[in-house]
2 protein chains.
Amino acid sequence: MTKEAGKPAREADKAADKAKGSKARAVADALTLAVHEHRLAPGLKLNEDEVGEIFGVGRTIVRSALQMLAHDQLVTIEPNRGAFVAEPSIREAREVFEARALLEPRTARSAAERITPQDVATLRAHNAAEHAALDRGDFGMAVRLSGEFHIELARIADQSTIAEFIAQLIARSSLVVALYWRRPKAMCETHAHEALLTALEQGDGATAEELMKGHLLDLLSSLDLRETPAAPRTLRDALRP
Amino acid sequence: MTKEAGKPAREADKAADKAKGSKARAVADALTLAVHEHRLAPGLKLNEDEVGEIFGVGRTIVRSALQMLAHDQLVTIEPNRGAFVAEPSIREAREVFEARALLEPRTARSAAERITPQDVATLRAHNAAEHAALDRGDFGMAVRLSGEFHIELARIADQSTIAEFIAQLIARSSLVVALYWRRPKAMCETHAHEALLTALEQGDGATAEELMKGHLLDLLSSLDLRETPAAPRTLRDALRP
DNA sequence: ATTTTTAAGATCGTGTACAATCTGATCTCA
DNA sequence: TGAGATCAGATTGTACACGATCTTAAAAAT
């Protein structure tokens, strides 16, 4: 009996599951969450020793986690310089939304065809939480929940490969929003999500696809992606705050 | 100052080849290439010490490279067990082609709108090399070149984010082909590529999009993705669905 | 005073050693 | 003989130390 008998509750084991997967994954997930909630500003330097100290792990773990994030383009690793929270260029920002425009509308249609009442309940809960966060003024949490809505949709569509891509794009979108957000008139977003939700609930795939397409265009148009003059955006300047 | 006299010796060639990326990237690229050429069979165990010995690097580098490949789902890392060349399930195989169907046709259209004579020349060279490899009976090289055709197309479309996704999907497609290929009547592929090339050369985006869509469907239909594959690859896979 | 040089400090890249874990085989007992 | 326990070998997970490289800033020379 070297091992505990059986496997206990699945939901309660979530934390243990991550710890078991690997500490590096746990650190990477924590950092990703922080990016989703806009708690890590683009350009911030992520010192390996410092991060390791915070999470109580060695530098090896931190390095592994940072490499994961670098692969998702959430951080950029400059050789012999260190890791920094990524600062997506305007071009990259456009590319991210271009990719989302290719993936998400069709995925929303698929989701509409397979959605279950349970899924609807989950999404409604997400929506409610997002509203609550906005009313509370917790913009970070609102951005995170808004992104999770899209990720959950991809998961419902039962296409884990595409869902993985979308998750990456959502994370990068959080950085894009942090950099190029125009005005806090984002409230339309939650309404867009609600309209989507009703279409999904009725199994109306075509409408869901169109709504998602429009939603992404709205999001894109709410950004300020004009070319910055002379681009004085060096890392040194970015680190000045 | 005298950098050349420092420590060139045996690593000079590799340093010149991948001067920018680290050694880990070089190892990862080499392994990826081997997968593309069907030189690494799915399910093969990649012993860290062994790989390190082959490439003349330490286990740290190998570990980093394997983590990169694991992120691309080219290898699966089982905790305390090691790394194995991935064996995509039938479901994963379908998902890969589903994702390609979403990304590549529209990307082909974009490529047609931006393609330059230089790009056409490059693609023609690729095509010729693919034909030559097939005539020579070098199927591994043919598969690799066929994949690179698609990747190059995405690059021409000037959407590096989407190109990155497609590159991942192509790599996984190589594994899928290795596992589920039906018959060596793949010659249609090269003709499909040639038809695409002419459409691209004429800037006919709509035709290119349609051709790509059909090409991907042909590819998918040339696989044997029946739910009951007579070949449960390994006992481990059979026991761990 | 400005520019170049130089040195110090800090950070990252890599190899190596040790601990944890798994696999496979041997041994014991019914 | 067969099932279960135990142990040796091997492999991965992690921490740590040393060397390489970059940044920073002071100091010296023009």
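To be clear, the structure that these remarks concern was listed above.
Residues numbered from 1 in each chain as written. Chains lettered and ligands numbered in written order. Predicted model: local features only at pLDDT ≥ 70, side-chain atom pairs only at ≥ 80, totals over all residues. Heavy atoms only, no water.

1. Some points on the protein's contact with DNA strand D
Right, so step 1: Residues in close proximity to DNA strand D total 16 residues, the closest being Gly58(A), Arg59(A), Thr60(A), Arg59(B) and Arg63(B).
Right, so step 2: A breakdown of the atoms of DNA strand D within 4 Å of the protein gives sugar and phosphate a share of 68%.
Right, so step 3: In the environment of DNA strand D, a base nitrogen lies 2.9 Å from a nitrogen or oxygen atom belonging to the side chain of Thr60(A).
Right, so step 4: Counting residues per element, the ones that place at least two in the surface near DNA strand D are α4 (59-71) of chain A together with α4 (59-71) of chain B.
Right, so step 5: The element that contributes the greatest number of residues to the surface near DNA strand D is α4(A), accounting for three residues.
Right, so step 6: Tallied by class, residues from the surface near DNA strand D come to two nonpolar, six polar and eight charged. (Near = heavy atom within 4 Å. Polar contact = N/O pair within 3.5 Å; in protein donor to acceptor, adjacent residues only side chain to side chain. Helix = DSSP H or I, 4+ residues; strand = E, 2+ residues; numbered from the N terminus. Nonpolar A, V, L, I, M, F, W, Y, C, P; charged D, E, K, R; others polar.)

2. A closer look at the packing of helix α3 (residues 48-55) of chain A against α4(A)
Residues and elements named next belong to chain A.
Right, so step 1: In the contact formed by α3 and α4, the axes pass within 9 Å of each other and the chain directions differ by 105°. The orientation of α3 relative to α4 falls into the category roughly perpendicular. Here α3 contributes Glu48, Asp49, Val51 and Gly52 to the contact with α4, which in turn contributes Arg59, Val62, Arg63 and Leu66.
Right, so step 2: Residues that form the contact of α3 with α4 fall into these classes: three nonpolar, one polar and four charged. (Axes fitted to C-alpha atoms, helices over the stretch in contact; angles between N-to-C directions. Parallel < 35°, antiparallel > 145°, perpendicular 65-115°, else oblique. Contact = heavy atoms within 4.5 Å.)

3. Examining α4(A)
Right, so step 1: Between its first and last C-alpha, α4(A) extends 18 Å over 13 residues, near the 18 Å set by a 1.5 Å rise per residue.
Right, so step 2: Residues Val62(A), Ser64(A), Ala65(A), Leu66(A), Met68(A) and Leu69(A) constitute the buried set of α4(A).
Right, so step 3: Elements in contact with the buried residues of α4(A): α2 (23-36), β1 (45-46), α3, β2 (75-78) and β3 (82-85) of chain A together with α4 of chain B.
Right, so step 4: At the exit of α4(A) stands Gln73(A), carrying a positive phi of roughly 65°. (Expected span 1.5 Å × (residues − 1). Buried < 20%, exposed > 50% of the residue type's maximum accessible area, 1.4 Å probe, protein only.)

4. Some points on the protein's contact with DNA strand C
Right, so step 1: Near DNA strand C, the surroundings consist of 15 residues, among which Arg59(A), Arg63(A), Gly58(B), Thr60(B) and Arg81(B) are the closest.
Right, so step 2: At the protein interface, 69% of the atoms of DNA strand C within 4 Å belong to sugar or phosphate.
Right, so step 3: One of the side-chain nitrogen or oxygen atoms of Asn80(B) is found 3.5 Å away from a sugar or linking oxygen of DNA strand C.
Right, so step 4: Side-chain polar atom of Arg81(B) to a phosphate oxygen of DNA strand C: 3.4 Å apart, as the coordinates give it.
Right, so step 5: Counting only elements with at least two residues in the surface near DNA strand C, the list comes to α4 of chain A together with α4 of chain B.
Right, so step 6: Of the residues forming the surface near DNA strand C, the biggest block, three residues, is contributed by α4(B).

5. A look at the relation of the copies chain B and chain A
Right, so step 1: Superposing chain B onto chain A takes a rotation of 180° combined with a translation of 0.1 Å along the rotation axis, leaving an RMSD of 0.1 Å. In short, the pair behaves as if placed about a two-fold rotation axis.
Right, so step 2: A shared interface surface links the copies, since 100% of the contact residues of chain B are contact residues in chain A too. (Least-squares fit on C-alpha atoms with pLDDT ≥ 70 in both.)

6. Side note on the sheet that holds β3(A)
Think of a sheet as strands paired side by side through backbone hydrogen bonds, with each pair either parallel or antiparallel.
Residue and element names in this part refer to chain A.
Right, so step 1: The three strands are arranged β1-β3-β2 in an open sheet whose pairing can be described as antiparallel. Where the open sheet ends on each side, the last strands, each with one partner, are β1 and β2.
Right, so step 2: Helix-sheet contacts for α4 involve β1, β2 and β3, and the interaxial angle to β2 is about 115°. (Pairing = 2+ DSSP bridges.)

7. Let's talk about the pattern of salt bridges
All names here are of chain A.
Right, so step 1: Considering all chains together, one arrives at 27 salt bridges over all chains under this definition.
Right, so step 2: Put simply, Arg109 and Glu209 hold a salt bridge, and the shortest N to O gap is 2.3 Å. Of this pair, Arg109 sits in helix α5 (residues 90-114) while Glu209 sits in helix α10 (residues 205-221), placing them 100 residues apart in sequence.
Right, so step 3: Given a relative accessible area of 32%, Arg109 falls into the partly exposed group.
Right, so step 4: On the basis of relative accessibility, which here comes to 12%, the residue Glu209 falls in the buried class. (Salt bridge = Lys/Arg side-chain N within 4 Å of Asp/Glu carboxyl O.)

8. Brief notes about the interface of chain B and chain A
Right, so step 1: Taken together, the contacts link 22 residues of chain B with 22 residues of chain A.
Right, so step 2: For the pair chain B and chain A, the two sides together bury roughly 2,300 Å², of which 53% comes from carbon and sulfur.
Right, so step 3: Considering only the surface of chain B that becomes buried against chain A, His71(B), Leu102(B) and Phe165(B) emerge as the three largest contributors, covering 27% of it.
Right, so step 4: Arg91(B) is the partner of Asp158(A) in a salt bridge, and the nearest nitrogen-oxygen pair spans 2.6 Å.
Right, so step 5: Where chain B packs against chain A, one counts eleven residue pairs in polar contact (both at pLDDT 80 or more).
Right, so step 6: Residue assignment for the side of chain B that touches chain A shows that the elements contributing at least two residues are α4, α5 (90-114) and α8 (160-180) of chain B.
Right, so step 7: Ranked by residues supplied to the side of chain B that touches chain A, first place goes to α5(B) with eight residues.
Right, so step 8: Across the side of chain B that touches chain A, the residue classes break down as seven nonpolar, eight polar and seven charged. (Buried area = accessible area lost by both parts, 1.4 Å probe.)

9. Here's the deal with helix α6 (residues 117-136) of chain B
Note: α-helices contain 3.6 residues per turn, so residues at a spacing of three or four share the same orientation.
Residue and element names in this part refer to chain B.
Right, so step 1: With 20 residues, α6 should reach 28 Å at 1.5 Å per residue; the first-to-last C-alpha distance of 28 Å fits that figure.
Right, so step 2: Residues of α6 that are buried: Asp119, Val120, Leu123, His126, Asn127, Glu130, Ala133 and Leu134. The buried residues of α6 all sit within an arc of 150° when viewed along its axis, so they share a single face. Exposed and oriented more than 90 degrees from the buried face of α6 are Pro117, Gln118, Asp135 and Arg136. (Arc of directions from axis to C-beta.)

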